[in-house]
Amino acid sequence: MSSSKPAPVGKAIDRGGFDLSAFKLGGWKYPAFWLAIGLILIGGFIPVFTGSNSWRETMFLILMAVSLASSLNIILGYTGYVSFGHIVFFGLGGYVGLYLITAHGWSLWTAALMGGLAAGTLALLLGKAILHLRGAYFALATIGVNEAVRTFINNFDLFGGAVGLEINFLVYKDYGGPATMQWLTYWAVFGLTLFIVVLSYGIKFSRFGLGLLSIREDEDAAMVLGVRTPSAKTWAYVLSAIVPGILGVIFFFRNSSIAPQEAFRLHRSIELIVMVMLGGQGTVLGPLVGATTYEALRSFLLTSPLFKDLQLAFAGLLLLLIVLFVPTGIVGWLRSRYRKLWRVLE
Amino acid sequence: MKRLSLFVMLLALIFTAVQCGGSAPAPAAPAQEEAKEEAAAPAQEEAAPAEEAAAEPEVASEEPAAEEAMTGEETVVTIGYTASKTGSQEVPSRGQTHGLELWLDQINQNGITLADGTVVKFQAVTYDDESAKERVQSLYTTLVEQDGANFLISPYSSGLTDAAAVIAETYGTTMITTGAASDDTYKKGLTLVYQLYTPASRYLTGAIDLLASLNPDAKKIAFVYENAKFSTDVVSAAQEYAESKGYEVVLSEGYDSEATDFAPFINKIAAAEPDAVMGGGHFNDGSTFARQLHEKETSVEFLALLVAPPELDFAELGDAALGVVGPSQWEPQANYTQEAADAAGVEWYGPTVADFVSAYQDKYGEEPGYHAAGGFASGLVLQQAIEAAGSVDPDAVRAALDGTNIMTFYGNVQFNTTPEAHGLQEAHEMVYVQWQKDADGNLVKQVVWPVEGQSAEPIYPLAQIP
């Protein structure tokens, strides 16, 4: 390894898989970076411009979906590992956070950080155990993990077992009342969305990110090139788990309760995969575009007088059209169609 | 070219579906439209500004639009709710929605005439919450802010209601809950949420009382239940109640929601030799459990299960259904009458049981279940509160709800008004049904508890059933 001149990817990975010194933020030089930031800023401030709480709720769902999809994209889009049970991190984070708030009186913010930490720790342990599996085996294993954690929580009395945990409404007074709490949590999700998009760029333009992309393209070849694939995959999994863990705490705090059946909904995991595929996996803008399109479409259909009784059928048909005609997702299709957009749509 | 053809065909399909969606009325729409049609033309014109005012978001959060319209001869109150038209709660939610729509139909025939001569009519706005928690807060915010809902009705299930309650409290909008039995929802400092269902903690306590009345010597109870929020809530409270009455809980086992093989639990029941078995969870698991108990010829003298027995489909189990007891929020055989109200010293309000059942059957062609009765009762209780308040002012209606103590076709309704459990249902009691055979040998559902509501004597013990 030392005598020959190693490739840049190999150099980074040689120092330990996920090497922070190799984690260079080069994405800011690209228009795509500023386009993503601009879109989030514009979208994030729509409720302020309109003064509408309905818009805030719609944007809350969209930003949460963008964050979750962008997180999933790190392991699915960059690394090529389809995680069907990614919602496990959202649920586990939510449980840890709500337990700390209800049982120990922690503030939402520290509890949210602990939720993220718990999700990251679970990903680290799982990564060591199941990331050596490939393809369908890994996908099946992630479903199994989600079900195993749900069953465990269902029987874990400390977290309320099957009954779950409830937030006392009076807790919201510590955050200025329920109306202020809803704005605070909205801005927290807005900040998290900015963070995960910046992180996505950071990863993609780092040597670590190039290592992940090489794993996606051909894992065996990546290993031959010197990428320590187990370590790189594990760190990618950890990074993709932390934000969902934090989001879980914020979401269930806002909804005032958590129960196993709603915290570990497999259906939600599949929705996240659809969002990433719809926008374009492996691109930074893809999850942003996919999640926004998916959530905006669902919100519109649900509340449209014309479509509200047919919203699922309509959404299904639309997704069918996209899968049939735009398999690389919206961003992938635009990139292949308009070469000049390559640097803009990353 | 083939792809293009497919694309065009799919577009045409979407277009057709959209057209169908436009012409097919949404569940709430008929009531809304019928209300408009049934109102006299001048009144309709006068109501129009009220409807427009009700759509103003600011008005909904600060001063209800309906209050502004009080000066007119007719005012329209907007009721907002989400229904689970898709997802896991679709079936019970549909019954709830049907009940509420029937109430809207009936109330809008004449409206409520207040003391100052104002006629109050109602319109409903509803969306599909997909049985998903993440949709609920967004949709209820839209209902309050954009649709100008003056009052809210809960979604179906406690989990979704928890999320909706936050929005109701945030915007100061009163919400009547139906289909949300969990006690916890009402014990966390809410002030504007009122529960119609008997709380989960009292779902099976009546079954224990029934057992005591049938066999004072019974001492041992086995609990086998679905390991989910609702059933665990119910069984925890039932176990506590049973122990307080001197019973010994000889078995307490939870099973997974997807369980289909109950053999291990049945073996444990056989070993424990209880005097009664209680538990269950939802329809599929409960009916499978009852069937397997019967197939294995397990000696069980008293069997009470949640949710499944009150459903008409439970009769498809045949002999396995015979003698099984189940708690229900309401049954068509329930004996709630003017006389019963007089005897209890409370006000009677609304249609009789027979009138409700007949109207429901006329509209939907089926017998109403307790979800439908709960939906109808949610509107009825709101109607009663507006009448008692003599106004649609939210504060006045809230005060009237706090003071509600009535008997309706659905049973007694009275709310807890203490800060610790404000809105928790205090007076409504479960009825307990048992599947029995009529003279022709057909399986029929009978109310066997409480005594005052009995439509037939309970069969006990099950081993003696011919």
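As a reminder, the structure under discussion sits directly above these lines.
From a predicted model like this one, the values you see are computed outputs, not experimental measurements.

A. View of the overall build of chain B. The secondary structure content of chain B amounts to 16 helices and 16 strands. When the 466 residues of chain B are sorted by exposure, 61% land in the buried category. Contacts in chain B between residues far apart in sequence, at least 24 positions, make up 67% of those at least 6 positions apart. Accessible area for chain B stands at about 17,300 Å²; split by element, carbon and sulfur atoms hold 49% of it.

B. Structural detail: the overall build of chain A. Of the regular secondary structure elements, chain A holds 15 helices and two strands. The C-alpha atoms of chain A give a radius of gyration of 20 Å, which matches the 20 Å a tight globule of 346 residues would have. Counting only C-alpha atoms, chain A reaches 65 × 45 × 35 Å along its principal axes. Relative to its full complement of 346 residues, chain A shows a buried share of 60%. Considering only contacts within chain A whose residues lie at least 6 apart along the sequence, 79% involve residues at least 24 apart. Accessible surface, chain A: about 13,600 Å² in total, of which carbon and sulfur atoms supply 70%. Across chain A, 25 positive and 16 negative side-chain charges occur, with their mean positions spaced 11 Å apart.

C. Examining the interface of chain B and chain A more closely. On the side of chain A, 53 residues touch chain B, which itself brings 52 residues to the contact. In this assembly, chain B packs against chain A so that about 4,400 Å² is buried in total across both faces, 55% of it on carbon and sulfur atoms. Three residues, B:E134, B:R135 and B:K188, lead the burial of chain B against chain A; their summed loss comes to 16% of the area buried on that side. Linking chain B with chain A are six salt bridges. Of the charged contacts, one joins B:E134 and A:R265 as a salt bridge, the two residues approaching to 2.4 Å between their closest N and O atoms. For the pair chain B and chain A, the number of links is 19 residue pairs in polar contact (both at pLDDT 80 or more). Broken down by secondary-structure element, the contributors of at least two residues to the side of chain B that touches chain A are α1 (2-23), β3 (119-128), α7 (133-145), α8 (158-170) and α10 (229-244) of chain B. Ranked by residues supplied to the side of chain B that touches chain A, first place goes to α1(B) with ten residues.

D. Geometry of the environment of B:N412. All names here are of chain B. Topologically, N412 is positioned in strand β14 (residues 411-414). Judged by relative accessible area, which is 17%, N412 ranks as buried. Taking the C-alpha atoms as reference points, N412 and L196, 216 residues apart in sequence, are found 9.4 Å from one another. Each residue touching N412, except ones within four places of it in the same chain, is listed here: Y336, V346, I406, M407, Q425, A427 and H428.

E. Just the pairing of strand β10 (residues 303-306) of chain B, in detail. Residue and element names in this part refer to chain B. The alternating pattern of β10 places L303 and L305 and A304 and L306 on opposite faces, both of which are buried. In the sheet, strand β9 (residues 276-280) pairs with β10 via four bridges, with the strands oriented parallel. Within β10, the residue paired with G279 across the bridge is L305. Taking the sense of rotation as the criterion, the β-α-β connection linking β9, helix α12 (residues 283-295) and β10 turns out right-handed.

F. Structural context of the sheet that holds strand β13 (residues 405-408) of chain B. All names here are of chain B. Strands sit in the order β12-β13-β14 across an open sheet of three strands; the sheet is mixed. One side of each edge strand has no neighbouring strand; the edge strands of this open sheet are β12 (347-348) and β14. Two elements, β12 and β13, share two bridges in a ladder whose sense is parallel. Among the inter-strand pairings, W348 is bridged to a residue of β13, identified as M407.

G. Quick peek at the sheet that holds β3(B). All names here are of chain B. One open sheet accounts for six strands, arranged β2-β3-β1-β4-β5-β6; its pairing is mixed. What marks the edges here is a single partner per strand, and that holds for β2 (112-113) and β6 (193-195). Sheet topology note: the β2/β3 ladder contains two bridges and is antiparallel. Paired with T113 across the bridge in β3 is V119. Helix-sheet contacts for α8 involve β4 (151-153), β5 (175-177) and β6, and the interaxial angle to β5 is about 160°. Running over the sheet, helix α16 (residues 394-402) touches β4, β5 and β6 and is turned about 30° from β6.

H. Molecular detail of the packing of helix α3 (residues 53-78) of chain A against helix α7 (residues 178-204) of chain A. All names here are of chain A. Where α3 meets α7, the closest approach of the two axes is 9 Å, and the angle between their N-to-C directions is 30°. Overall, the two elements α3 and α7 adopt an arrangement that is roughly parallel. In this structure, α3 crosses over α7, and the sense of that crossing is left-handed. Residue classes in the contact of α3 with α7 are distributed as 17 nonpolar, eight polar and three charged.

I. Looking closely at the pattern of salt bridges. The final tally for this structure, using the stated rule, is 24 salt bridges over all chains. Where A:E271 meets A:R268, a salt bridge forms, and the shortest distance between an N and an O atom there is 3.0 Å. Residue A:E271 and its partner A:R268 are both found in helix α12 (residues 266-279); the two are separated by three residues, about one turn of the helix. Judged on exposure class, the residue A:E271 and its partner A:R268 are both buried. With a closest N to O distance of 3.3 Å, B:D319 and B:K437 form a salt bridge. Remark: B:K437 occurs in strand β15 (residues 431-437) and B:D319 occurs in the loop between β10 and β11 (325-328); sequence separation between them is 118 residues. Using a relative accessible area of 44% as the deciding quantity, one classes B:D319 as partly exposed.

J. Main features of the side chain of A:S206. Residues and elements named next belong to chain A. Within the secondary structure, S206 sits in the loop between α7 and α8 (207-217). A polar contact of 2.7 Å, which involves the side chain of S206, links it to the backbone oxygen of I203. A polar contact is formed between the side chain of S206 and the backbone nitrogen of G209, at a distance of 2.9 Å.

K. Summary view of a nonpolar patch on the surface. Residues and elements named next belong to chain A. The grouping of L41, F45, V48 and F49 at the surface amounts to a nonpolar patch, some 370 Å² of accessible area in total. Structurally, F45 can be placed in helix α2 (residues 31-50). Under the relative-accessibility criterion, F45 is labelled partly exposed at 31%.

Calculation rules
Residues numbered from 1 in each chain as written. Chains lettered and ligands numbered in written order. Predicted model: local features only at pLDDT ≥ 70, side-chain atom pairs only at ≥ 80, totals over all residues. Heavy atoms only, no water. Helix = DSSP H or I, 4+ residues; strand = E, 2+ residues; numbered from the N terminus. Buried < 20%, exposed > 50% of the residue type's maximum accessible area, 1.4 Å probe, protein only. Contact = heavy atoms within 4.5 Å. Areas by Shrake-Rupley, 256 points an atom, 1.4 Å probe, with all protein chains shown as cover. Rg over C-alpha atoms; globule rule 2.2 N^0.38 Å. Lys, Arg positive; Asp, Glu negative; His and termini not counted. Charge placed at Lys NZ, Arg CZ, Asp CG, Glu CD. Buried area = accessible area lost by both parts, 1.4 Å probe. Salt bridge = Lys/Arg side-chain N within 4 Å of Asp/Glu carboxyl O. Polar contact = N/O pair within 3.5 Å; in protein donor to acceptor, adjacent residues only side chain to side chain. Pairing = 2+ DSSP bridges. Right-handed = clockwise from strand over helix to strand, strands pointing away. Axes fitted to C-alpha atoms, helices over the stretch in contact; angles between N-to-C directions. Parallel < 35°, antiparallel > 145°, perpendicular 65-115°, else oblique. Left-handed = near helix turned anticlockwise from the far one by under 90°. Nonpolar A, V, L, I, M, F, W, Y, C, P; charged D, E, K, R; others polar. Patch = residues over 30% accessible without salt bridge, like charges linked within 9 Å, V, L, I, M, F, W, Y side chains within 5 Å.

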